[in-house]
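Chain residues, written in single-letter form:
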Amino acid sequence: MKVFEGIGELITLSGVVKKSGKRIVEKDLGRIRNGVLVVDKGRILWAGSQSMWVRQRKGIPGISKAKKVNLEGRTVIPGFVESHTHSVFAGDRSKEFEMRMTGVSYEDIAKKGGGILSTVKATRKASLNHLTEDLKLRVNRFVKQGVTTLEVKSGYGLNSSSEIKMLKAIRSISSPKLVSTFLGAHAIPPEFPNAGKYIDYLIADTLPKVVKAGLADRADIFIEKGYFDSVIGEKYLRACRDAGLDICVHTEQLNLTQGYQLAIDQKAKSVEHVVQLDAKGISEMAKSETVCVLLPAADFYLKMAYPSARKLIDGGARVALATDFNPGSSPTQDLSLVGVLARIEMGMSLPEVISAYTFNAAKALSLESEVGAILPGYSADFVVLDDGWDRLFYSVGYHPVHSTFWKGKRVF
Ligand code: NIG
Ligand code: FE
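Parameters and conventions
- Residues numbered from 1 in each chain as written.
- Chains lettered and ligands numbered in written order.
- Predicted model: local features only at pLDDT ≥ 70, side-chain atom pairs only at ≥ 80, totals over all residues.
- Heavy atoms only, no water.
- Pairing = 2+ DSSP bridges.
- Helix = DSSP H or I, 4+ residues; strand = E, 2+ residues; numbered from the N terminus.
- Axes fitted to C-alpha atoms, helices over the stretch in contact; angles between N-to-C directions.
- Contact = heavy atoms within 4.5 Å.
- Buried < 20%, exposed > 50% of the residue type's maximum accessible area, 1.4 Å probe, protein only.
- Lys, Arg positive; Asp, Glu negative; His and termini not counted.
- Salt bridge = Lys/Arg side-chain N within 4 Å of Asp/Glu carboxyl O.
- 1 Å grid on protein atoms, 1.4 Å probe; cavity = no way out; pocket = protein on both sides within 12 Å on 5 of 7 lines; lining within 4 Å.
- Points joined across faces, edges and corners; volume = space filled by probe spheres on them.
- Nonpolar A, V, L, I, M, F, W, Y, C, P; charged D, E, K, R; others polar.
- Near = heavy atom within 4 Å.
- Polar contact = N/O pair within 3.5 Å; in protein donor to acceptor, adjacent residues only side chain to side chain.
- Sits in = over half its atoms within 2 Å of the grid points.

Caption draft 1: Quick peek at the sheet that holds strand 7 (residues 147-153). On the basis of which strands lie adjacent, the open sheet formed by eight strands has the order 6-7-8-9-10-11-12-13 and parallel pairing. A strand with exactly one partner marks an edge of an open sheet, and here the two such strands are strand 6 (80-82) and strand 13 (319-321). Between one strand axis and the next, the sheet turns through 25° on average, direction left out of account. Relative to strand 8 (residues 177-185), strand 7 runs parallel, the two being bridged by five bridges. Bridge pairing in strand 8 links glutamate 151 to valine 179. Of the strands in this sheet, strand 8, strand 9 (218-223) and strand 10 (246-251) touch helix 9 (residues 230-242), which is tilted by about 175° from strand 9.

Here you go:
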């Protein structure tokens, strides 16, 4: 058992949990001045103010033997949940960046064999060991920014052996918590004549192998012009759900495809990007239980419009934010950039951004009763800040993280 004392301000997110991540205002952050946090067996046992602690500590068995840690007046906030990344890949797409800056579009680069398929070539060639070592470095960069739960997708293998290789790299990392998403349906590999034939292969061959080996927690598909349509998507998502995986959908990134409707109908936990939603799409998403995972760094790099976060949130949608880190559309791991774009370009308030990067992101990953808040029973995942919470998502390239704790252990 450990008692963390001397917490200048403890941000619990108690109000965010009560409101289940919707219509968040500052008081939902559940700020406690002069806080104390008690951790036992990797979970939060007690969280509250110093004055309450003085009155209640006697009731906790074994408390006299607990180790004390003084945080010297620093702020403590729940560990960040980075809910959408493509962190396993080989190769490099910096030339495509330069091409885009001369006016060639992301879609045209893909049509010429670049884009996702160029990363597929490099990733197929890479060994499991190479992918794992690179992934470890990338995971560490997230942990240094206070990330304690990280989602990572496959999707650059596009055949059974290479998809499984990517998922094994994800599963080989035991700290912090990694959520593994099978994204075999990311693009159509050149060996297949069309999307339908490839999806049939995924359903018959790859999916059963992935599920049998316990390599994935969720499945994802890219519903987009030139990739997969909603008819194929429905068949695929049903198969993934029947196989026991949670589902999510990349959609409405480049064109409005009505993929959001498929996501809602199939009870997807989250829908990713949703930049191109029309008024009907916004109101349907706002009414649904599916979390909108917004990825403004990808919109920034692709010089696209930003999603209508304000309308979604005001309509009652649950919004999460993530980097979408990948070598093509979003070659950045910087949480501060994402949050600053959300504030400047999408009109989100700081409490909304904080909730979007903690509890709401946890909800997208079906982990909202485990992570994303500092309440008794939750995993003891938290960040000690060098500065006040109001300095988060303020300076691009700087996150005031003093240390990161995962399951009560210091991991940075
Ligand atoms: O989320 N949209 C599809 N997938 C990724 C991009 C992957 C890539 O360009 O390599 C995304 O933006
Ligand atoms: Fe993505």
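Picking up where we left off.
Caption draft 2: Region of the structure containing the side chain of lysine 165. Tracing the chain through its elements places lysine 165 in helix 7 (residues 160-171). Buried and unpaired, lysine 165 has no salt bridge, with glutamate 163 as the nearest side chain of opposite charge at 9.8 Å. Apart from residues no more than four positions distant in its own chain, lysine 165 is found in contact with Thr123, Arg124, Lys125, Ala126, Ser127, Leu128 and Leu131.

Caption draft 3: Summary view of empty space enclosed by the protein. A complete count under the given rule lists two cavities of 30 Å³ or more for this structure. Lining the largest cavity we find 13 residues, and of these His86, Tyr106, His186, Gln253 and Ser329 sit closest to its centre. The residue inventory of the lining of the largest cavity, partitioned by class, reads four nonpolar, seven polar and two charged. In this model, the second largest cavity occupies a volume close to 60 Å³. Taken together, 13 residues form the lining of the second largest cavity, with Gly21, Ile24, Ile313, Glu352 and Asn360 sitting closest to its centre.

Caption draft 4: Representation of the layout of surface pockets within the structure. The computed volume of the largest pocket comes to approximately 280 Å³. Looking at the largest pocket, the residues that line it are Glu107, Ala110, Lys111, Gly114, Ile116, Leu117, Ala187, Ile188, Lys225, Gly226 and Tyr227. Residue assignment for the lining of the largest pocket shows that the elements contributing at least two residues are helix 4 (106-111) and helix 5 (116-125). With three residues, helix 4 is the single largest residue contributor to the lining of the largest pocket. Looking at the second largest pocket, its volume works out to about 210 Å³. Contributing to the lining of the second largest pocket are Ile264, Lys267, Ala268, Lys269, Ser288, Glu289, Thr290, Val291, Lys363, Ser366 and Glu368. Looking at the lining of the second largest pocket residue by residue, the classes come out as three nonpolar, three polar and five charged.

Caption draft 5: Highlighting the site of ligand 1. Near ligand 1 there are 15 residues, and of these Tyr106, Tyr156, His186, Gln253 and Ser329 occur at the shortest range. Side-chain polar atom of histidine 86 to an oxygen atom of ligand 1: 3.4 Å apart, as the coordinates give it. For ligand 1, an oxygen atom lies 2.6 Å from a polar atom in the side chain of serine 329. Cavity membership is defined here by more than half of the atoms lying within 2 Å of grid points; on that basis ligand 1 lies in the largest cavity. Looking at the shell around ligand 1 residue by residue, the class counts come to four nonpolar, nine polar and two charged.

Caption draft 6: Representation of unusual backbone geometry. Cis geometry marks the peptide bond from serine 175 to proline 176, where omega comes out at 0°. Assignment of secondary structure puts proline 176 in the loop between helix 7 and strand 8. In this structure, lysine 267 takes a positive phi of about 55° despite not being glycine. Examined against the element boundaries, lysine 267 turns out to sit in the loop between helix 10 (259-265) and strand 11 (270-273). According to the relative accessible area criterion, lysine 267 is exposed, its value standing at 62%. Of note in the backbone geometry, valine 274 takes a positive phi value of approximately 35° without being a glycine. Its location among the elements puts valine 274 in the loop between strand 11 and helix 11 (279-287). Take valine 274: its relative accessible area is 1%, and that puts it in the buried class.

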